[in-house]
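Chain by chain, the residues:
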Amino acid sequence: MRRCDPKEAYAILVVMRNSFFVLLSLTLAPCLIAQDRTADILRHVDPMIGTQRMGHVYPGASAPFGMVQLSPDTDTLPYAMNGKYNAEVYRTCSGYQYDDSTIVGFSHTHFSGTGHSDLGDILLMPTSGKLQMNPGTASDASSGFRSVFHHTTEKATPGRYEVLLEDHDIKAELTATTRVGMHRYEFPRRDSVHVILDLVHGIYNHADKNVWTFVRVENDTLVTGYRQTNGWGRTRTVYFAMVFSEPITHYGQQPDARPTEYRGFWRKFDQTKDFPEMAGKQLRAWFDFDLKPDAKLMVKVALSSVSTEGALKNMQAEVAHWDFDRVVRETQDAWQQELSRIQITSSRPEVLTNFYTAMYHACLSPTVYMDVDRQYRGLDQNIHTAQDFTNYTTFSLWDTYRALHPLFNIIQRERSSDCVNSMLSHYDQSAHHMLPIWSHHANENWCMIGYHAVSVIADAEVKGITGFNKQHALDACVATARHRSFEGLGDYTDLGFVPEDRSGASVSKTLEYAYDDRCITRMARSIGQTEVVEEFTARSLNYTNVFDPVSGFMRPLLSDETFLKEFDPLDTHQKGFIEGNAWNYSLYVPHEPEELADLMGGPKRFGEHLDSLFTMRLDDKYFAKTEDITRDGIMGNYVHGNEPSHHVAYLYNYSDRPWMAGKRVRDVLDIMYKPKPDGLSGNDDCGQMSAWYIFSALGFYPMCPGSDDYELGSPVVERASIPLENGKTFTVIAKKQGPKNVYVQRVKLNGQVLDRRTITHAEIMAGGTLEFELGPSPAR
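On a plain count of helices and strands, the chain comes out with 18 helices and 42 strands. A globule of 780 residues ought to have a C-alpha radius of gyration of about 28 Å, and the chain, at 27 Å, matches this closely. Looking at the chain as a whole, 63% of its 780 residues are labelled buried. Of the contacts made within the chain by residues no fewer than 6 positions apart, 69% connect residues no fewer than 24 positions apart. Accessible area of the chain: about 29,500 Å², with a carbon and sulfur share of 49%.

Axis separation between helix α9 (residues 470-481) and helix α11 (residues 506-527) bottoms out at 10 Å; the angle between their running directions is 150 degrees. Taken as axis vectors, α9 and α11 run roughly antiparallel relative to one another. Seen from above, α9 lies across α11 with left-handed handedness. Contacts between α9 and α11 involve K470, Q471, A473, L474, C477, V478 and A481 on the former and, on the latter, D517, I520, M523, A524 and I527. For the contact of α9 with α11, a count of residues per class yields 9 nonpolar, 1 polar and 2 charged.

This part takes up the sheet that holds strand β28 (residues 395-396). With respect to topology, 3 strands assemble into an open sheet ordered β28-β29-β30, the strand pairing being antiparallel. Sheet topology places β28 and β30 (443-444) at the edges, where each strand pairs with a single neighbour. Judged from the 2 bridges that link them, strand β29 (residues 438-440) and β30 form a sheet pairing that is antiparallel. Pairing of S439 across the sheet is with E444, part of β30.

Attention now goes to α11. The end-to-end C-alpha distance of α11 is 31 Å, a good match for the 32 Å that 22 residues give at a rise of 1.5 Å each. Summarising burial for α11: 18 of the 22 residues are buried, a large majority. One or two steps after α11, the chain reaches G528, where phi turns positive at roughly 95 degrees.

Okay, the nonpolar core next. Formed by 159 residues in total, the largest nonpolar core has its most connected members in I342, I344, F355, L435, F700, F730 and L770. No other element matches the 9 residues that α11 contributes to this core. Formed by 54 residues, the second largest nonpolar core is a distinct cluster that contains M133, V163, I248 and W286.

Between the first and last C-alpha of helix α7 (residues 413-429) there are 25 Å, a value that for 17 residues agrees with the 24 Å anticipated at 1.5 Å per step. Burial analysis of α7 places 15 of its 17 residues in the buried class, the great majority of the element.

What follows deals with the pairing of strand β36 (residues 709-712). Side-chain positions along a regular strand alternate between the two faces of the sheet. Pairing geometry for strand β35 (residues 700-701) and β36, over 2 bridges, is antiparallel. When the sheet's bridge partners are listed, F700 is paired in β36 with L712. As paired elements, β36 and strand β41 (residues 758-760) share 3 bridges and run antiparallel to each other. Bridge pairing in β41 links E711 to T758.

Let's shift gears to the sheet that holds β41. On the basis of which strands lie adjacent, the open sheet formed by 3 strands has the order β35-β36-β41 and antiparallel pairing. Looking at which strands have only one partner, the edges of the open sheet turn out to be β35 and β41.

As a further point, take the confidence of the model for the chain. Predicted coordinates in areas of low pLDDT are best not read in detail. On average, residues of the chain score 94 in pLDDT, and 95% of them are at 70 or above. For the chain, strand β1 (residues 11-15) is the element with the lowest average pLDDT, namely 32, and strand β18 (residues 236-244) is the one with the highest, namely 99. Below a pLDDT of 50 lies the segment residues 1-38, which in the model reaches 29 contacts outside its immediate sequence neighbourhood of four places, other chains included.

Glancing now at the packing of aromatic side chains. Counting across every chain of the model gives 37 aromatic pairs. Summarising the aromatic geometry, the rings of F214 and Y226 are spaced 5.6 Å apart at their centres and angled 40 degrees between planes, so their arrangement reads as tilted. Of this pair, F214 sits in strand β16 (residues 210-217) while Y226 sits in strand β17 (residues 222-229); the two residues are 12 residues apart in sequence, bridging distant segments of the chain. Ring centres of F614 and Y638 lie 4.7 Å apart, and the angle between their planes is 25 degrees; this geometry places the pair in the stacked category. Note that F614 is positioned in helix α15 (residues 603-615) and Y638 in strand β34 (residues 638-639), a separation of 24 residues in sequence. The residues F614 and Y638 share a single accessibility class, namely buried. Through a chain of ring-to-ring contacts, three or more aromatic side chains come together here, namely Y650, Y673, W692, Y693, F695, F700, Y701, Y710 and F730. Looking at K300, its charged tip hangs above the ring of W322, at a distance of 4.3 Å from the centre.

This part covers the packing of α7 against α9. Where α7 meets α9, the closest approach of the two axes is 11 Å, and the angle between their N-to-C directions is 55 degrees. As the angle between them shows, α7 and α9 are arranged oblique. The handedness of the crossing between α7 and α9 is left-handed. For the pair formed by α7 and α9, the contact residues are L424, Y427 and D428 on the first element and H472, A473, D475, A476 and A479 on the second.

On to the environment of M125. When you line up the elements, M125 lands in strand β9 (residues 123-128). Taking relative accessible area as the criterion, M125 reaches 0% and is therefore assigned buried. Sequence separation between M125 and Y185 is 60 residues; the distance between their C-alpha atoms is 9.9 Å.

Once that is clear, we can look at the state of the cysteines. In total, this model carries 0 disulfides according to the counting rule given. Cysteine C419 shares no disulfide, and the gap to the nearest cysteine sulfur, in C363, comes to 11 Å. Just so you know, C447 is unpaired, no disulfide at all, and the nearest cysteine sulfur is the one on C686, 10 Å from it.

As for its position among the elements, D491 is in helix α10 (residues 489-495). By relative accessible area, which is 19% here, D491 ends up buried. A polar atom in the side chain of D491 sits 2.8 Å from the side chain of R502. Beyond its immediate chain neighbours, meaning those up to four positions away, D491 contacts G496, F497, P499 and R502.

With that settled, the discussion passes to the environment of Y161. One can find Y161 in strand β12 (residues 160-165). Accessibility expressed as a relative area gives 0% for Y161, which makes it buried. Each C-alpha atom of the pair Y161 and N134 lies 25 Å from the other, and the pair is 27 residues apart in sequence. Of note is the side chain of Y161, whose polar atom sits 2.6 Å from the side chain of E154.

Looking now at the pairing of β12. Counting buried positions along β12 gives 5 out of 6 residues, so the element sits mostly inside the fold. Both strand β11 (residues 155-157) and β12 contribute to a ladder of 3 bridges, which runs antiparallel. From the neighbouring strand, A156 faces β12, where its bridge partner is Y161. The antiparallel hairpin formed by β11 and β12 contains 2 residues in its connecting segment, where G159 sits at a positive phi of about 85 degrees. As paired strands, β12 and strand β13 (residues 170-176) are joined by 6 bridges and run antiparallel to one another. Looking at the pairing, R160 lines up with T175 of β13. Linking β12 back to β13 in an antiparallel pair, the connection comprises 4 residues, with D169 at a positive phi of about 55 degrees.

Cut-offs applied
- Sequence order as written defines residue numbering, which begins from 1 separately in each chain.
- The predicted origin of the model limits local features to residues at a pLDDT of at least 70 and limits the giving and counting of side-chain atom pairs to 80 or more, whereas totals for whole chains, interfaces and linings rest on all residues.
- Neither water nor hydrogens contribute to the side-chain values; these are computed over all heavy atoms in the structure.
- Secondary structure elements follow DSSP: runs of H or I of four or more residues count as helices, runs of E of two or more count as strands, with numbering from the N terminus.
- With the radius of gyration taken over C-alpha atoms, the globule rule is written as 2.2 Å times the number of residues to the power 0.38.
- Exposure is judged per residue with a 1.4 Å probe applied to protein chains only, and the accessible area is read against the type maximum: over 50% gives exposed, under 20% gives buried, and values in between give partly exposed.
- Throughout, a residue-residue contact means that at least one pair of heavy atoms, one from each residue, lies within 4.5 Å.
- Using a 1.4 Å probe, the Shrake-Rupley method yields the accessible areas, and only the shown protein chains count as cover for residues.
- Only the stretch in contact is used when a helix axis is fitted, and all axes are lines through C-alpha atoms; the angle between N-to-C directions ranges over 0 to 180 degrees.
- Note on angle classes: values under 35 degrees are labelled roughly parallel, values over 145 roughly antiparallel, values of 65 to 115 roughly perpendicular, and the remainder oblique.
- What makes a crossing left-handed is the near helix being turned counterclockwise from the far one by less than a right angle; a clockwise turn instead makes it right-handed.
- Throughout, the ten residues Ala, Val, Leu, Ile, Met, Phe, Trp, Tyr, Cys and Pro are labelled nonpolar, Asp, Glu, Lys and Arg are labelled charged, and all others, Gly among them, are labelled polar.
- We call two strands paired when DSSP finds no fewer than two bridges between them.
- By this rule the span expected of a helix is its residue count minus one, scaled by 1.5 Å.
- Each nonpolar core is a collection of buried residues, namely Ala, Val, Leu, Ile, Met, Phe, Trp, Tyr and Cys, held together in the definition by side-chain atoms within 4.5 Å.
- A residue's pLDDT is the predictor's confidence in that residue, given on a scale from 0 to 100.
- Aromatic contacts are taken between Phe, Tyr and Trp rings whose centres are within 6.5 Å, Trp giving its six-membered ring; a plane angle under 30 degrees counts as stacked, one over 60 as edge-to-face, and the others as tilted.
- We call a charge positioned above a ring when the Lys NZ or Arg CZ atom is no farther than 6 Å from the ring centre and deviates by at most 35 degrees from the ring normal.
- Criterion for a disulfide: a pair of cysteine sulfur atoms within 2.5 Å.
- The term polar contact refers here to a pair of N or O atoms within 3.5 Å; inside protein, the definition further demands a hydrogen-donor-capable atom paired with an acceptor-capable atom, and it admits residues adjacent in sequence only when both atoms are side-chain atoms.

In structure tokens, the structure reads:
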């Protein structure tokens, strides 16, 4: 669509006595249509999708990839009870669970969709009436400062959240920029107005999580401080600067009630009220206000990993005013820009909602992790400056290497370069000389397996992402893959597999290492490192070592090179595997799908095996003790609710029944994604579950990141347009689209019939049209 010159736009206004008609010229119409389409995108986003049960996303306000995630927290569940893990805490990984009935406050940091957690920093809660300094219990909200709420008075849109806190009759509204959260509270009464600052609160909290907290009341509107924690990230520090729109009349703290052996000479002061310094491991502060009639209290909270001065600079740069609605408008403009990177057409409202909500969730992580002056806290806990890139954190790489980062290599290419440079900075600062495994907030938390930063970097390299040193990147990948003390890598290097009696989840590790090694092979070949190519090509074939031809599955090997005797391929608790069973994990050879099909008996037997996976029933007993897998995310024995199987439907392209790839993909799209609070079948995992939907809805998927190919499936959209950063446009058209027309009859690329089941990245970036013709039965 051409851009409209405002000088071309004109209107003729005809005014009559009781009515008027506006006649717009055809010259103006394209402008209006373009504006309407852009505005429509936000209306299709529902941040409440995935907030119930397994999705683990938060509904609050955030800018795209923002450092601040300002959202309600609905409970105070501890990580452990009586010295044992409290399984109930899992349901509140994002701080919010749709089924909860109370809100304890609004904190400024959250993960989106994870299966483990941290954060929940700098919680604020507005209250009125009698001052209460404990959150109380969910069963009796009046016992503390928490409040009952109902979804009927809760509204969430990109960049804005509001809710009525019913116990206090306070309307709370939230918005955010990249580094600043903004609150607006409307109080029904003007006396006894309080704001609680809770630095005890946290997600996955435990008694010793706070290392130290500190608060300074700088003047009657400005408060600064920091929180140091030991959780998933064991050396995490968050600085904040908080400014109120009205002067504080009185303030104080609830001191840590736990006994301390040393009090120093601070004991000479009454630090509980109007004392401008507060410090301790368990600190809650309160601030009182006298509001004028019809006044609303607003609060701005800026974060920094560097200093309170850095937080203030962030606030001054991003929100130097008190116009809440302006922040909403500007943040929503930013969301429109990100979400319009793919524009789709569908006659099915649920497809539009699912797609653009997936786009929204895919733009919440990774998160910016540097101040406006480009300073940030590094993995070595020193302060660094990001010279030529934006520094990011929150790399859930076991999940996001599969589809989220490949998506960025099409629609977020500059951001992809920044992510690679952020990972290389992590490597440079690492005492282990390793790329990130699962990193957040200047910490490596070592969660999950594999070294999938390698996949992200290799995929960026093969897809033409620039702005990083390729030789340095390859060196970092190789050093990480040769780190013998990490997760069985020494045995893997020497034996060609990870032995189960020396390192758990051995089959999963062997398979994922082999894939990562093929990524290194491709990158080394591109750069011309022959010795590296030879070494890692050989390593990438190690998947064959754990294949048991008798059972037909990948199976744990012991250090004496015999297979583990106790073996049930259905059991997700089975030794040798992590968050999956042998049925699903045995299909994880994304870099050699044809060879995998041959290993399993050839294309016909492979197709039968895939059919069995999708049609058999996996009994509940096989995943009863695996919290990341529930019935919500299972189709037959195919587990879509967790990542290891996300490529599996596309393996049909290497069987004797390739038409089933599109059929299975469409089944997953329709069954596993719904436009409702429990509409995600598993953890969104920092956007991976959503990125799978985006690719699959468009009709192609990066089954093997690090290669140039995308597998073809069956699109659910009627039309999609991707305006590329190089100025070209890639268009997808699905002819005869409909809920029952799930089988691909033929595919054309730029008018030419395709005789293959893949397209390349180069073909996408060249622009053009990918045209699917669909039908109700297979075209064999």
